[in-house]
Amino acid sequence: MRLLQVLSCTLDTVVGFLMAGVGNVDIRRKTNYLIVDSKTTVRQIEEAFKEFSTRDDVAIVLISQYVANMIRFLVDSYNKPVPAILEIPSKDHPYDPAHDSVLSRVKYLFSAESVSQR
């Protein structure tokens, strides 16, 4: 079974996913989400990202773009197809396509592909 992992910057986003049935707490009381607030350190975010992105039972990691910007070097250097890393907007921080690593890679691939076809 593949799980969805959520890194978020607001409680509202995580609660929305929990209400949709995405949340999980295992027998060790370990969750499949991290709520990022003003007390959360960058190191905690980095550790959660590394943990979520290396688990075999994870298919997608959702991370708010605001949080992704805090660990941009990790997000940009991640190059595995599974789990997919998807950046999402948050209520307090609108989505900026200029900072989306997946969108940047897609644009690069299409521009490289269009150049090679000429």
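Residue numbers restart at each chain and count upward from 1, following the sequence in its written direction. With the structure being a predicted model, the display of local features is reserved for residues of pLDDT at least 70 and the display and counting of side-chain atom pairs for 80 or more, all residues being used for whole-chain, interface and lining totals. Note that the side-chain values use all heavy atoms of the structure and ignore hydrogens as well as water.

Named according to an unreviewed UniProt entry, the protein chain is V-type proton ATPase subunit F originating from Thlaspi arvense. UniProt positions are given in the numbering used here, feature names are shortened, and annotations may be inferred rather than shown by experiment. Quoted verbatim from the Sequence similarities (unreviewed entry) heading of the UniProt record, the comment on the protein chain is "Belongs to the V-ATPase F subunit family." Taken from UniProt, the Subunit (unreviewed entry) comment for the protein chain reads in full: "V-ATPase is a heteromultimeric enzyme made up of two complexes: the ATP-hydrolytic V1 complex and the proton translocation V0 complex."

*Asks:* Is there a simple way to think about the overall build of the protein chain in this case?
*Replies:* Under the DSSP-based scheme used, a helix requires at least four consecutive residues in state H or I and a strand at least two consecutive residues in state E, with every element numbered from the N terminus. The helix and strand tally for the protein chain stands at five helices and four strands. In sequence order, the protein chain lays out its α and β elements as β-α-β-α-β-α-α-β-α. Each of the 118 residues in the protein chain was classed as buried or not, and the buried ones make up 34%. Residue contacts are defined here by distance: any two heavy atoms, one from each residue, within 4.5 Å place the two residues in contact. Long-range contacts, defined here as pairs at least 24 residues apart, represent 64% of the contacts in the protein chain between residues at least 6 apart. The rule is simple: take the accessible area with a 1.4 Å probe, protein chains only, and divide by the maximum for that residue type; under 20% is buried, over 50% is exposed, in between is partly exposed.

*Asks:* Looking at this structure, I do not really get the nonpolar core. What am I missing?
*Replies:* If you look at soluble globular proteins, the nonpolar side chains tend to sit buried side by side. One finds I45, F49, I63, I71, V75 and I85 to be the most contacted residues of the largest nonpolar core, which totals 16 residues. If you tally residues by element for this core, the top one is helix α2 (residues 42–54), at four residues. Joining through side-chain atoms within 4.5 Å is the link that ties buried Ala, Val, Leu, Ile, Met, Phe, Trp, Tyr and Cys residues into a set, and such a set is a nonpolar core.

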